[in-house]
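Structure assessment
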Amino acid sequence: MKFGIATAFAMLSAPIASAQEAPDADEMAALCHGGLSICVSATIPAARTQAATTPGWMSPDVGAAWAAGYKGKGATITIVDDFSSTSRFSGNFGIGVQTQRHGEWTREEASMIAPLATIRSKDFTTSSSVTLAPGLNVLNLSYGMYATAGYSPNQIGWSAEEASIISYATRGSAIVSKAAGNDSVAVGGVTNGQQDYLDLALVGKASAIFVGALSTNGTTTNKAQLAWYSNYAGSNPLVQSHFLVVGVDGSKTDLYGTSFAAPIISGYAAIIGSKFTKATPTQITNDLLNTARTDTLVNYNASVYGKGEASLSRALAPVAIR
């Protein structure tokens, strides 16, 4: 088991992984393996629409960053996710329809955003520590650790895997991009009598970022709003100050969920690190948070959107960051 207090806990991933035109909560199915201790939440595939042939799901800021020569070189993104289950689903990131595991999707997304970053895969069914590479490290967590509500994160007997991640976020050793979750509640909130204790353990940590999903990328003339399923920042100032949103345009990819928001931030962090090569993970985290936009969002409120929509162009704009 991944962790426990006095009883066993189950792990449930944060994402909605979909291959359908419009997700429906009634079509959710729990796909479990590993003696039911590891579960991946996925939407049953249904009829699909034709996806775009180009990566139109990306913010235009990504192309601008590439044109300026910033593609993530020198950074390592470690995807902690499902790479071993039999659960697969279909989607299209603009390079053709594929059917992949959840981790294969999040890995591909991060690698498309930051094509020169080194990408590592860490199966989340293991309990070993996440190791860091030389240089800038970004950890992508498109999953959650759910258990009966009411405990303190300090009561959790974390496995070496999650303990290492929490430690890195606390010390600022790696940027931790955490999917906010898909329960339409505040980060760390209760849903069906359970809480995501990995969310709770990362609150207030120096280099942790919670990532919510917008239904599309926002502009000042066509503002975006929070996706119907996405968790939001809530009233805790410590969450609000480390919460970002990005567009997850499932109409273009057939993929929905905050699982596909977190890899965008992971890619952005790597790109920023390829410009500011001496910056620490905490400095890059703060750069992303402090340059977020609020003018591209419908009825901006910090309790919903946290710091706002991540803006790669604004984060890359300074000559230096501190």
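In this report, the structure presented in the accompanying data block is examined. (Residues numbered from 1 in each chain as written. Predicted model: local features only at pLDDT ≥ 70, side-chain atom pairs only at ≥ 80, totals over all residues. Heavy atoms only, no water.)

The next thing to look at is helix H3 (residues 160-171). Two residues of an α-helix separated by three or four positions point the same way, owing to the 3.6 residues in each turn. Across its twelve residues, H3 extends 16 Å between first and last C-alpha, which sits within 8% of the 16 Å expected from 1.5 Å per residue. Among all positions in H3, only Glu161, Glu162, Ser164, Ile165, Ile166, Tyr168 and Ala169 are buried. The elements touched by buried residues of H3 are strand E4 (75-81), strand E7 (118-123), strand E8 (136-141), strand E10 (175-179), helix H4 (197-202) and strand E12 (208-214). (Helix = DSSP H or I, 4+ residues; strand = E, 2+ residues; numbered from the N terminus. Expected span 1.5 Å × (residues − 1). Buried < 20%, exposed > 50% of the residue type's maximum accessible area, 1.4 Å probe, protein only. Contact = heavy atoms within 4.5 Å.)

Moving on to the pairing of E8. The buried fraction of E8 amounts to six of the six residues, a majority that puts the element mostly inside the structure. Looking at chain direction, E8 and E10 are connected through four bridges and run parallel. Residue Val138 lies in a different strand from E10, and its bridge partner there is Ile175. (Pairing = 2+ DSSP bridges.)

Moving on, we get to the side chain of Asn231. If you trace the backbone, Asn231 turns up in the loop between E12 and helix H5 (237-240). Residue classification places Asn231 among the buried positions, given a relative accessible area of 3%. Within the structure, Asn231 has its side chain in polar contact with the backbone nitrogen of Val185 (distance 3.2 Å). In this structure, Asn231 is in contact with Ala180, Gly181, Asn182, Asp183, Ser184, Val185, Ala186, Gly212, Leu226 and Phe243, ignoring residues within four places of it in sequence. (Polar contact = N/O pair within 3.5 Å; in protein donor to acceptor, adjacent residues only side chain to side chain.)

This part covers the packing of helix H7 (residues 262-275) against helix H8 (residues 281-290). With their axes 10 Å apart at the nearest point, H7 and H8 run at an angle of 115° to one another. In terms of crossing hand, the pair formed by H7 and H8 is right-handed. Every residue of H8 that contacts H7 at Ile265, Tyr268, Ala269, Ile272 and Gly273 is listed here: Ile284, Asp287 and Leu288. Among the residues forming the contact of H7 with H8, the class breakdown is six nonpolar, one polar and one charged. (Axes fitted to C-alpha atoms, helices over the stretch in contact; angles between N-to-C directions. Left-handed = near helix turned anticlockwise from the far one by under 90°. Nonpolar A, V, L, I, M, F, W, Y, C, P; charged D, E, K, R; others polar.)

Positive phi outside glycine occurs at Ser184, with the angle close to 55°. With respect to the secondary-structure elements, Ser184 resides in the loop between E10 and strand E11 (194-196). Positive phi outside glycine occurs at Asp254, with the angle close to 65°. Looking at the secondary structure, you find Asp254 in the loop between helix H6 (250-253) and H7. The class for Asp254 is buried, based on a relative accessible area of 1%.

Purely spatial values, then, with no claim about function.
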